[in-house]
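The residues making up each chain are set out below.
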Amino acid sequence: MYLVTNLNPGDYVGFTFFIGSMAMLAATVFFFLERNSVDGKWRTSLLVSGLITFIAAVHYYYMRDVWAISQVSPTEYRYIDWILTVPLMCVEFYLILKAFGAKIGLLWKMIGYSVWMLVFGYFGETLFSEQSVLMGILSTLGYLGILYEVWLGSAKKLAVNSNDPILQQAFSALGWFILVGWAIYPIGYMAGTDGGWLSNTFLNGSMDVIYNIGDAINKIGFGLVIYSLAVRSSAKA
Ligand SMILES: *C/C=C(C)/C=C/C=C(C)/C=C/C1=C(C)CCCC1(C)C
């Protein structure tokens, strides 16, 4: 049975779940259809962008209903979405870096860091919510690992040594998404977990709104940046 429940006035979490599900769906159609208008070497990147928003769209449909019916944060669906989409974002990175000579080991390292980050985040929101601060710190170590690879480590070195300015721009744009866009998530976590460092501020109760904004920026925005670089690089070729 499919239940339809109206949203309450002022239910911003509900609003953003609804907008999020539509935006992810529209972005998916866009990325899939635009694949044909770019150069061959960018097609896989656009395919992965579309898969990321597709996976998110499906989860948003579920999360939106869970929220509308029960007003409970759909933590499990959220983390199932992330455990699939964050590694795919690492794949996006790898696809760009492959042109610079990246080895598959770098992809596995980044996926390892992101799984670590998400597992401890999930623990902090659920099974070990009394230790949410400790879990958040452990999770952040994984995030720092990713940041290190991208800004200082082997990924950065590969990009610096390349001579393709458009690929370098793509790499640097994705680096900024990870530094600034991904930093939105720990803010949501600190606002929403028991004893979280922002749980006594005006942000209290807005964890899902913050996560939803983060997802729109990082999944759709990230895909659009890749799209625009792909279009520019195809026009030059
Ligand atoms: C599409 C979904 C994305 C890009 C999700 C990214 C999620 C994070 C970067 C989450 C990070 C967290 C921390 C760094 C500490 C607190 C716990 C998390 C999991 C919210």
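For the structure, see preceding data.
About the criteria used
- Throughout, a residue's number is its position along its own chain's written sequence, starting from 1.
- Local features are withheld for residues below a pLDDT of 70 in this predicted model, meaning they are given only at 70 or higher, and side-chain atom pairs are given and counted only at 80 or more; totals for whole chains, interfaces and linings count all residues.
- Hydrogens and water are ignored here; the side-chain numbers use all heavy atoms of the structure.
- Helix and strand assignments follow DSSP, with helices taken as H or I runs no shorter than four residues and strands as E runs no shorter than two, numbered in order from the N terminus.
- A radius of gyration in this sense is built from C-alpha atoms; the matching globule rule multiplies 2.2 Å by the number of residues raised to 0.38.
- Burial classes: relative accessible area under 20% of the type maximum marks a residue as buried, over 50% as exposed, and values in between as partly exposed (1.4 Å probe, protein chains only).
- When checking whether two residues touch, look at their non-hydrogen atoms; a contact exists if any pair is within 4.5 Å.
- The accessible surface values rely on the Shrake-Rupley method and a 1.4 Å probe; as for residues, cover is taken only from the protein chains in view.
- One less than the residue count of a helix, multiplied by 1.5 Å, gives the span that helix is expected to have.
- Throughout this document, a residue counts as near a molecule or strand when at least one of its heavy atoms sits within 4 Å of that molecule or strand.
- Any residue outside Ala, Val, Leu, Ile, Met, Phe, Trp, Tyr, Cys, Pro, Asp, Glu, Lys and Arg is labelled polar, Gly included; the first ten of those are nonpolar and the last four are charged.
- The axes are straight lines fitted to the C-alpha atoms, using for helices just the contacting stretch, and the angles between their N-to-C directions are given from 0 to 180°.
- These descriptions rest on fixed angle ranges, namely under 35 degrees for roughly parallel, over 145 for roughly antiparallel, 65 to 115 for roughly perpendicular, and the rest for oblique.
- By definition, any crossing whose near helix is turned counterclockwise from its far helix by less than a right angle is left-handed, and any crossing with a clockwise turn is right-handed.
- Two aromatic rings, drawn from Phe, Tyr or Trp (for Trp, its six-membered ring), form a pair once their centres lie within 6.5 Å of each other, and the interplanar angle then sorts them: stacked below 30 degrees, edge-to-face above 60, tilted otherwise.
- Two joining distances apply to patches: 9 Å for like charges and 5 Å for nonpolar side chains (Val, Leu, Ile, Met, Phe, Trp, Tyr), and every residue must have over 30% relative accessible area and no salt bridge.
- The term salt bridge refers to a side-chain nitrogen of Lys or Arg lying within 4 Å of a carboxyl oxygen of Asp or Glu.
- The reported bend at a residue is simply the angle between two axes, fitted to the 7 residues ending at it and to the 7 residues beginning with it.
- Only buried Ala, Val, Leu, Ile, Met, Phe, Trp, Tyr and Cys residues count toward a nonpolar core, and they belong to the same one when joined by side-chain atoms within 4.5 Å.

Draft legend 1. Broad picture of the overall build of the protein. The helix and strand tally for the protein stands at nine helices and zero strands. Along the protein, helices and strands appear, N-terminal first, in the series α-α-α-α-α-α-α-α-α. Taken over C-alpha atoms, the radius of gyration comes to 18 Å for the protein, in line with the 18 Å a tight globule of 237 residues would show. In terms of its C-alpha atoms, the protein occupies a principal-axis envelope of roughly 50 × 40 × 30 Å. When the 237 residues of the protein are sorted by exposure, 49% land in the buried category. Intrachain contacts of the protein at a sequence separation of at least 6 include 74% that bridge at least 24 residues. Carbon and sulfur atoms make up 69% of the accessible area of the protein, which totals about 11,500 Å².

Draft legend 2. A look at helix 4 (residues 104-125). In this model, helix 4 (22 residues) spans 32 Å end to end at C-alpha, consistent with the 32 Å of a helix rising 1.5 Å per residue. Leu-106, Leu-107, Met-110, Ile-111, Ser-114, Met-117, Leu-118, Phe-120, Gly-121, Gly-124 and Glu-125 are the residues of helix 4 that are buried. The inward-facing, buried residues of helix 4 contact helix 3 (75-98), helix 5 (132-151), helix 6 (154-160), helix 8 (184-192) and helix 9 (207-236).

Draft legend 3. Main features of the environment of Gly-124. Turning to its location among the elements, Gly-124 is positioned in helix 4. Each C-alpha atom of the pair Gly-124 and Tyr-189 lies 8.9 Å from the other, and the pair is 65 residues apart in sequence. Look past the residues within four positions of Gly-124 in its chain and what remains in contact with it is Ser-129, Ser-132, Met-135, Tyr-189 and Thr-193.

Draft legend 4. Quick peek at the site of the ligand. If you check the shell around the ligand, you find 18 residues, and the closest are Trp-82, Met-117, Ser-139, Tyr-185 and Lys-219. Bound to the protein, the ligand loses 99% of the 530 Å² it would expose on its own. Contributions of two or more residues to the shell around the ligand are made by helix 3, helix 4, helix 5, helix 8 and helix 9. In terms of residue class, the shell around the ligand is made up of 11 nonpolar, five polar and two charged.

Draft legend 5. Quick look at the packing of helix 1 (residues 12-34) against helix 9. Between helix 1 and helix 9, the shortest axis-to-axis distance is 10 Å and the interhelical angle comes to 15 degrees. Comparing their axes, helix 9 and helix 1 come out roughly parallel. Crossing geometry of helix 1 relative to helix 9 is assigned as left-handed. Side by side, helix 1 and helix 9 meet where Tyr-12, Val-13, Thr-16, Phe-17, Ala-23, Met-24, Ala-27, Phe-30, Phe-31 and Glu-34 of the first sit next to Asp-208, Val-209, Asn-212, Asp-215, Ala-216, Lys-219, Ile-220, Gly-223, Leu-224 and Tyr-227 of the second.

Draft legend 6. Spotlight on the packing of aromatic side chains. Scanning the model with the defined rule gives 16 aromatic pairs in all. Taken together, a centroid distance of 5.6 Å and an interplanar angle of 25 degrees make the contact between Tyr-62 and Tyr-77 stacked. Taken as a pair, Tyr-62 in helix 2 (residues 40-70) and Tyr-77 in helix 3 lie far apart in primary sequence, 15 residues in all. For Tyr-77, a relative accessible area of 34% translates into the label partly exposed. Ring pairing ties together the aromatic residues Tyr-79, Trp-82, Tyr-122, Tyr-185 and Tyr-211, which thus form one cluster.

Draft legend 7. Representation of a nonpolar patch on the surface within the structure. A contiguous nonpolar surface patch, about 710 Å² in accessible area, is contributed by Phe-54, Val-58, Tyr-62, Tyr-77, Ile-80, Ile-83, Leu-84, Val-115 and Val-119. Every element with two or more residues in the nonpolar patch is listed here: helix 2, helix 3 and helix 4. Residue contributions to the nonpolar patch peak at four residues, all from helix 3. Among the residues examined, Val-58 registers a relative accessible area of 34% and is labelled partly exposed.

Draft legend 8. Representation of helix 9 within the structure. Compared with the 44 Å implied by 1.5 Å per residue over 30 residues, the 43 Å span of helix 9 between its first and last C-alpha is a close match. The largest bend along helix 9 reaches roughly 25 degrees and is located at Gly-221.

Draft legend 9. Representation of the nonpolar core in the model. Ranked by size, the top nonpolar core spans 61 residues in total, and within it Trp-42, Phe-93, Leu-97, Phe-171, Ile-178 and Trp-182 carry the most contacts. Among all residues touching Phe-171, those that are not within four sequence positions of it are Phe-93, Ile-96, Leu-97, Phe-100, Val-150, Ala-155, Lys-156 and Ala-159.

Draft legend 10. Here's a closer look at the pattern of salt bridges. Scanning all chains against the criterion turns up five salt bridges. Of the charged contacts, one joins Asp-65 and Arg-64 as a salt bridge, the two residues approaching to 3.8 Å between their closest N and O atoms. For the pair Asp-65 and Arg-64, a shared accessibility class is recorded, and that class is buried. Note that Arg-78 is salt-bridged to Asp-215, the shortest N-O span being 3.4 Å. Separated by 137 residues along the polypeptide, Arg-78 in helix 3 and Asp-215 in helix 9 bring together distant segments of the chain. With relative accessibility at 0%, the residue Asp-215 sits in the buried group.

Shape descriptors only; they carry no functional weight alone.
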